Amino acid sequence: MENLRVERRLGDAMRARLPLWAVEFVMFGLKMAWACLFSGLLLAAIILSALFWPEGATLARYDALTLFALLVQGLMLYFRLESWREAKVILLFHVTGTAMEIFKLQMGSWSYPEAGLLMLGGVPLFSGFMYASVGSFIARAIRLFDMTFVGYPPMRWAIVLALAIYINFFAHHYIWDARYLLMLATLVLFGRVTIRFTPMRRQMRLPMVLSAAFAAFFLYVAENIGTLSGTWIYSGEGKFAFTDPAKMGSWYLLLFVSFVQVTLVCRDVLLQRKGLMNELEIPAHHGSGQRP
C-alpha cells in the first residue's frame, strides 16, 4: 500500500508539470528501474568490486558478492520491497541456475578465475543470484505494472516447453542442439500472447515474444559487463573479450523458462487476473485477492 501511495503522489506531481504521454513514459522508466532493483544492485556490486577490491583481502571478492546478495535480499524482505512469494521465486531460480552453472563449468563453457570459500562445485554462490535476479525482475514487474497475459497457452504445454529448453542447455553438449527448434516452439506457443501492462493509468500492450527479445538484449549487455570485469571468463576468450552475440538466443530461451517458473510460484495470484484465468487451467485461489 505504501508503494501505491508513493506512486499516486509521484504521478500527481508529474501530471501537474508534464503532458499525459510524458507522465506514462516517465512512470514506465521508473517502474522498470524499480523492478530491476535486485539485479541493478548486484550488477553495480560486480562492477565496483572488480574496480576497487584490494588484492590479498581477507574476504574474497566472490564471497563478498554472495554476502552482499544475501544482505540485499534480507533488506528487501525486511522493508517489504519484496514479498515472500517473490523470495520463493528467487530461491527456485538460484537452485536451477546454480545447477546449470556447475554443469557448464565442468563442460568448460566458462570459468571463474578467482578463489572463494562460498562455492559449490567450483561455482561461487553469488552466480545463482544472477539467475535469481531475472526471476525477481519478472515477479516484481508483474506486480508493479499490474500485468495480464492475454492468449496464454495451456499451462501444461508451457511447462513442457520450459523443461525442454532447460534440458537442452545440458543435452546439447552430447546430442544435437535443438535451440532453433525451441525458438520456433516459443513462437508457436507464445506468438499470440499479449502482455497488458499499466505504467500509470493507461493500459498498454506488447507481444510477449517481442518483450522477451528486448529483455534478452539487455541481459546480453549485462553479461558483457560481467565478462569485461573479469568476473567470469568464457572458454577461448580473453579476459576482456565480448561475449558471442549468439548468446542472446540462449537468454531469449532462458526467459521463457524464467517466466514459467514465476507463473508456477505465483499462479494463484495471476489466476485472479482476467488475462490468465482461462488459459492456466488451474482452479482459482479463493484468498484475500491481494497482490503479492
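Everything quoted here is computed from the prediction, not taken from an experiment.

**Q** Can you help me understand unusual backbone geometry in this one?
**A** Glycine aside, residues mostly have negative phi, and peptide bonds are mostly found in the trans state. Positive phi, close to 60 degrees, is recorded for Arg-80, a residue that is not glycine. A residue is classified by how much of its surface remains accessible, and Arg-80, at 73% relative accessible area, is exposed. With a phi angle near 50 degrees, Asp-146 is a residue other than glycine that sits in the positive phi range. On the secondary structure map, Asp-146 appears in the loop between helix H6 (126-144) and strand S4 (148-150).

**Q** Any chance you could explain the side chain of Arg-140 here in plain terms?
**A** Along the chain, the position of Arg-140 falls in helix H6. Arg-140 sits in the buried class, given a relative accessible area of 0%. In this structure Arg-140 touches Trp-34, Ala-35, Leu-37, Met-76, Leu-81, Glu-82 and Glu-86, once residues within four positions along its chain are discounted.

**Q** How should I be thinking about the nonpolar core in this particular structure?
**A** Judged by nonpolar contacts, the single largest core of 66 residues is most densely connected at Tyr-112 and Phe-190. In this structure, Phe-190 is in contact with Tyr-152, Pro-153, Ala-158, Leu-161, Met-208, Val-209 and Phe-256, ignoring residues within four places of it in sequence.

**Q** Mind showing me how you'd approach the sheet that holds S4 here?
**A** Adjacent strands of a sheet form backbone hydrogen bonds with each other and so pair up, either parallel or antiparallel. Strand order in this open sheet of three strands is S4-S5-S6, and the pairing throughout is antiparallel. Sheet topology places S4 and strand S6 (204-207) at the edges, where each strand pairs with a single neighbour. Within the sheet, the average angular offset between the axes of one strand and its neighbour, ignoring direction, is 30 degrees. Pairing geometry for S4 and strand S5 (residues 194-197), over three bridges, is antiparallel. Its bridge partner being in S5, Thr-148 is matched across the sheet by Arg-196. Across the sheet, helix H9 (residues 208-228) lies against S5 and S6, angled at about 75 degrees from S6, the strand it touches most.

**Q** Sorry, what's going on with helix H8 (residues 179-190) here?
**A** Given 3.6 residues per turn, any residue in an α-helix points the same way as the ones three and four places further on. Helix length check: H8, at 12 residues, gives a terminal C-alpha distance of 16 Å against a target of 16 Å (1.5 Å per residue), a fit within 8%. Those residues of H8 lying buried are Arg-179, Leu-182, Thr-186 and Phe-190. Take H8 and look down its axis: the buried residues cluster within an arc of 55 degrees, on one side only. Of the exposed residues in H8, those oriented more than 90 degrees away from the buried face are Tyr-180, Leu-181 and Val-188.

**Q** What's the story with the packing of helix H3 (residues 37-52) against H6 in this structure? I'm lost.
**A** A pair of packed helices is captured by two measures, namely the crossing angle of their axes and the spacing between those axes. In the contact formed by H3 and H6, the axes pass within 7 Å of each other and the chain directions differ by 150 degrees. Taken together, the axes of H3 and H6 are roughly antiparallel relative to one another. Facing H3, whose interface residues are Leu-37, Phe-38, Ser-39, Leu-42 and Ile-46, H6 presents Phe-126, Phe-129, Met-130, Ser-133, Ser-136 and Arg-140. Its residues placed into classes, the contact of H3 with H6 shows seven nonpolar, three polar and one charged.

**Q** What am I meant to see in the pairing of S5 here?
**A** The side chains of a regular strand alternate, residue by residue, between the two faces of the sheet. Here S5 shows one buried face, formed by Ile-195 and Phe-197, and one open face, formed by Thr-194 and Arg-196. The loop that links S5 with its antiparallel partner S6 comprises six residues.

**Q** When you look at the side chain of Glu-101 in this model, what are you seeing that I'm missing?
**A** Considering the arrangement of structural elements, one finds Glu-101 in helix H5 (residues 84-106). No salt bridge is formed by the buried Glu-101; the nearest opposite charge belongs to Lys-104, separated by 9.2 Å. A polar contact of 2.4 Å, which involves the side chain of Glu-101, links it to the side chain of Tyr-112.

**Q** Would you mind showing me how to read the pattern of salt bridges here?
**A** For side chains of opposite charge, pairing can occur when their charged atoms come near one another. Here the structure, examined in full by the defined rule, presents two salt bridges. Of the charged contacts in the structure, one is a salt bridge between Glu-114 and Arg-61, with a shortest N-O distance of 2.8 Å. Of the two residues, Glu-114 sits in the loop between strand S1 (110-111) and strand S2 (119-120) while Arg-61 sits in helix H4 (residues 61-78), which places them 53 residues apart along the sequence. Ionic pairing is found between Arg-179 and Asp-177, a salt bridge with its closest N-O pair at 2.7 Å. When its relative accessible area of 23% is taken as the criterion, Asp-177 is described as partly exposed.

**Q** What should I look at first to understand the environment of Leu-210 in this one?
**A** Mapped onto the elements, Leu-210 comes out in helix H9. Accessibility expressed as a relative area gives 36% for Leu-210, which makes it partly exposed. Counting along the chain gives 42 residues from Leu-210 to Tyr-252, while the straight-line C-alpha distance between them is 10.0 Å.

The rules behind the values
- Residues numbered from 1 in each chain as written.
- Predicted model: local features only at pLDDT ≥ 70, side-chain atom pairs only at ≥ 80, totals over all residues.
- Heavy atoms only, no water.
- Buried < 20%, exposed > 50% of the residue type's maximum accessible area, 1.4 Å probe, protein only.
- Helix = DSSP H or I, 4+ residues; strand = E, 2+ residues; numbered from the N terminus.
- Contact = heavy atoms within 4.5 Å.
- Core = buried A, V, L, I, M, F, W, Y, C linked by side-chain atoms within 4.5 Å.
- Pairing = 2+ DSSP bridges.
- Axes fitted to C-alpha atoms, helices over the stretch in contact; angles between N-to-C directions.
- Expected span 1.5 Å × (residues − 1).
- Arc of directions from axis to C-beta.
- Parallel < 35°, antiparallel > 145°, perpendicular 65-115°, else oblique.
- Nonpolar A, V, L, I, M, F, W, Y, C, P; charged D, E, K, R; others polar.
- Lys, Arg positive; Asp, Glu negative; His and termini not counted.
- Salt bridge = Lys/Arg side-chain N within 4 Å of Asp/Glu carboxyl O.
- Polar contact = N/O pair within 3.5 Å; in protein donor to acceptor, adjacent residues only side chain to side chain.

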